[in-house]
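Commentary on secondary and tertiary structure
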Amino acid sequence: MRNLLQKMTLVVALTFFMGTAMAQGFVKGTVVDADNSETLLGASVVVKGTTTGVSTGLSGTFNLSVPAGSQTIVIQFIGFVPQEFNIDVQEGKTVDLGTIALVSSQVGLNEVSVFASLAIDRKTPVAISSVSSQLIEDKLGSQEFPEILKSTPGVYATKSGGGFGDGRMNLRGFNSANVAVMINGVPVNDMENGWVYWSNWAGLSDVTRTMQVQRGLGASKVAVPSIGGTVNVVTKTTDVEQGGNVYTSIGNSGYQKYGVTVSTGLNENGWAATVSAARTKGDGYIDGTQFDGFNFFVNISKSFGPNHTLSFSSFGAKQQHGQRQTRNLISTYAAAESGARFNPDWGLRDGNVVQVEDNFYFKPQTSLNHYWTISDKSSLSTALYISTGTGGGGGRGGENGLFDIRMGNFDQPMDIDNIVSTNRAAGAEGAVSWLRASHNDHVWYGVLSTFNTELSENLDLIAGIDLRDYVGHHFYEVTDLLGAAYVFSNDDINNPNAALQVGDKYNYYNDGNVGWQGLFTQMEYNKDKISAFISGSLSNTSYQRVDYFQYLDTDPLQTTDKYNFMGFGIKGGANYRLTDKHNVFANIGYFEKAAGFDAVFQGYDNEHINANAANQKIFSFELGYGYRGEKLAANVNLYNTQWNDRTFTRFIPGAVAGTFNFVNLLGVNALHQGIEIDFTYKASKKFSAYGMLSLGDWRWNNNLENVQVYDENQQPVGDPYNLYIKDVKVSDAAQTTAALGFDYQIMPKTNITVDYNYYANLYADYNPEKRTVEGLADPWKVPAYGLFDASIRYAFNFGGFDATIIGRVNNVFDTEYIADALDGNSNNWDTALVWYGFGRTFNISAKINF
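What comes next concerns the included structure. In this text, all values refer to a predicted model and were calculated from it rather than measured experimentally.

1. Points about the overall build of the protein
When you go through the protein residue by residue, the secondary structure sums to seven helices and 51 strands. Overall, the C-alpha framework of the protein stretches about 115 × 60 × 60 Å when taken along its three principal axes. Out of the 850 residues belonging to the protein, those deemed buried represent 53%. At a minimum sequence separation of 6, the contacts of the protein that also span at least 24 residues come to 68%. Of the roughly 36300 Å² of accessible surface on the protein, 56% is carried by carbon and sulfur atoms.

2. Let's talk about unusual backbone geometry
The phi angle of most residues is negative, glycine excepted, and most peptide bonds adopt the trans form. Of note, the phi angle at S253 is positive, near 55°, even though the residue is not glycine. Tracing the backbone through its elements, the reader meets S253 in the loop between β17 (243-251) and β18 (255-263). Judged by its relative accessible area of 22%, S253 is partly exposed. At N497, a residue that is not glycine, the phi angle is positive and equals roughly 50°. The exposure class assigned to N497 is exposed, which follows from its relative accessible area of 52%.

3. Thoughts on the pairing of strand β47 (residues 785-798)
Of the pairings in the sheet, the one linking strand β44 (residues 750-760) to β47 comprises 10 bridges and is antiparallel in character. Bridge pairing in β47 places T750 opposite Y794. In the sheet, β47 pairs with strand β48 (residues 801-810) via 10 bridges, with the strands oriented antiparallel. Residue pairing across strands places D789 opposite N810, the latter belonging to β48. Where β47 hands over to β48, the hairpin turn is made up of two residues, of which G799 adopts a positive phi near 60°.

4. Concerning the environment of S142
Tracing the backbone through its elements, the reader meets S142 in the loop between α3 (133-139) and β10 (155-158). With 108 residues separating them in the primary sequence, S142 and I250 have C-alpha atoms 8.7 Å apart. Setting aside residues up to four positions removed in sequence, S142 forms contacts with Y255, F842 and N843.

5. Some thoughts on the packing of aromatic side chains
Using the criterion set out here, one finds 33 aromatic pairs in the structure. Judged by centre distance (5.8 Å) and plane angle (55°), the rings of F77 and F80 are tilted. Judged by its relative accessible area of 24%, F77 falls in the partly exposed class. Arranged with centres 4.9 Å apart and planes meeting at 40°, the rings of F597 and F601 form a pair that is tilted. Here the aromatic residues Y543, Y563, F565, F597 and F601 are joined through ring pairs into a cluster of three or more.

6. Topic: the pattern of salt bridges
In the structure shown here, the tally under the stated rule is 25 salt bridges. Salt bridges linked by common partners bring E137, D138, R793 and K847 together as one network.

7. Thoughts on helix α6 (residues 416-426)
Regarding α6, the residues found buried are I416, I419, V420, N423 and A426. Across the axial projection of α6, the buried residues extend over an arc of 125°, all falling on one side. Across α6 from its buried face, at more than 90 degrees, point the exposed residues R424 and A425. Buried-residue contacts for α6 involve β23 (347-349), β24 (352-354), β28 (414-415) and β29 (433-454). Positive phi appears at G427, one or two residues downstream of α6, with a value of about 55°.

Definitions and limits used
Residues numbered from 1 in each chain as written. Predicted model: local features only at pLDDT ≥ 70, side-chain atom pairs only at ≥ 80, totals over all residues. Heavy atoms only, no water. Helix = DSSP H or I, 4+ residues; strand = E, 2+ residues; numbered from the N terminus. Buried < 20%, exposed > 50% of the residue type's maximum accessible area, 1.4 Å probe, protein only. Contact = heavy atoms within 4.5 Å. Areas by Shrake-Rupley, 256 points an atom, 1.4 Å probe, with all protein chains shown as cover. Pairing = 2+ DSSP bridges. Phe/Tyr/Trp six-rings, centres within 6.5 Å; stacked < 30°, edge-to-face > 60°. Salt bridge = Lys/Arg side-chain N within 4 Å of Asp/Glu carboxyl O. Arc of directions from axis to C-beta.

In short, the description is geometric, and any link to function would need to be established separately.
And the structure:
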């Protein structure tokens, strides 16, 4: 009887369980971005009022088991407006929601994306890697902004000297002068030399919505110096919904950051506004690199009916930070009290820190964008922008030997009090030593207008203009007389024997005037399994130099003529979707880049002018394969970039003291080629892994022999110049990089991430034009190194508001490594001048959304 009762109980329990299990149905669908139809990985799909839910897979799809009956399904993704679906679920049946297109939660984002030339996965035939605002928030911490890309194939990012904002990034072996950086489609590379100074954009991470790296030729339509690739930063625009957030962050070395964002939301009259502000300060990981910065972001949008939208935006970061400009021998760091943190470029005065080498800059960028929907097939987007920059870098003036006197051993701060005493003792003779700043101020205006039209169901035409006008002001400025009343200067021919005060200019004072006129057009084809494009661009760059110190105001040589240089580019590519999982692509292109400002005005004056400076010539092609499965996404890229006619100018002391000779080294060629592999594997709702491998082979292609040397009067002199660089490795970026990481949800709303990055085949930086002896060895190869980073993110409800806390540790095991090196005379470690990378650092942040 007992056994019978047990069996009956078991049958009842099983029947109840089966009945419960059968009282289930399913809902499935695919979540995409409404702006570009890209699938959204990690979108949340939840049964409203429950914890039952899943996240979308790599192809944006989901399949969720739900209780039978009437249910509400909520689909949401960060940066998009949530959608709800009321459905009736029947037992054992599946409700197919089809394609769910989530709309951006920000006004005008689609229009900004037109300027930014963002590539679309499995459609645009270029190699891309994208970084979301969520990933920036989770992983950046107190790192430099370019470091968020360190796990991207082909990227090598370091902190350089270690000052706030002094980070740098190389892409496929090319430095930032040859990597186009665009913010909302507007180029920000310096108009004179092409460099990007990340300290000018210290607050950019706070307002970035997405950051896309297009390696190689990229998808940018405007003529930009994208030899290595293009970094597209798309900032936030204006939130559709009312709200905002407050956040704070602390970290090692006195790091502090706090900020706020407020959005009005889109009202019934079509107005919307978003304002953000933040302050960052700290003592700096490196000795003497204290910093203080403030950044802001403002966006105001107004819709005028369904066809017109105006958007005003302004953002900028005002900052000042100490720098470490001087590299040292490895043996010097070993003997220094503070080890790898040693910095010889600061001192003490009356017990207070004096940053002898520092950087201060304020470069706001303001734009007014107009978006016009002309018809259901055509649109016109126009941006008027202005960027003004004020600031520069500090340094030593006068007798530098006084700055070598330390408050103790070589590794102690400079004795600034001693300089003050020396200057005061000099009396009427003026300052012996002082502090100065090298200013690089500028005013930059631009217009960027893009017209889009649908020629047919499968063919689109894009065309536009890119106009820029830039004036750069360059001068030394006295910033601190260190106890003296003045300093004498004969640098200005118009004001000789001047007694300079703080704020006065000296040494040099000149303007660089740069004009740019560009046209671009692109045809895009998309049908069934094929996507293709072909584009062309034409640009004219004009240079003019004005020198206020070396020429009298009455001298016509004070202002040079304008010198024009034409550049052009053509590129194309195609993507073929073999199946819904496999695709292949190829692209090819050729462009000519105008020589830089310094290649034209070679002698730092208005007389030694290379009016026929040769264009740099770039040919590139690339092959790629992509796989998109439910759990695995992977890419393989092969690239080959030939950079020909690099312009080098070498100055050589002349036979007579005070004179110099020079040689133009034309026809210097380099080859950058390699393979890149990256993947993401979503094993389950809770666990995902990702990684990449980048193998580069970057080297100089040829020697130059018997190149004629000229004197200051352009007359041939001396022995011919020889350059031996064939097959010598390109330096200053790791040619082999790898990354592996995972993200694991250890409990609801709590995730941990661990990342490992590996760097090898990093050759110390060197000056190629100085390799005049045949048979020299390759520059010193820096030891390979690997770093672990880890973070934890916890989301919770705080008084009815969504809140998050993020903790991050970089270089978990405190690995000692050299990140930057300058080759010495003997091509080995004991003569190389280096900067060590940072040891273990940490950061904790908290954010409340309202």
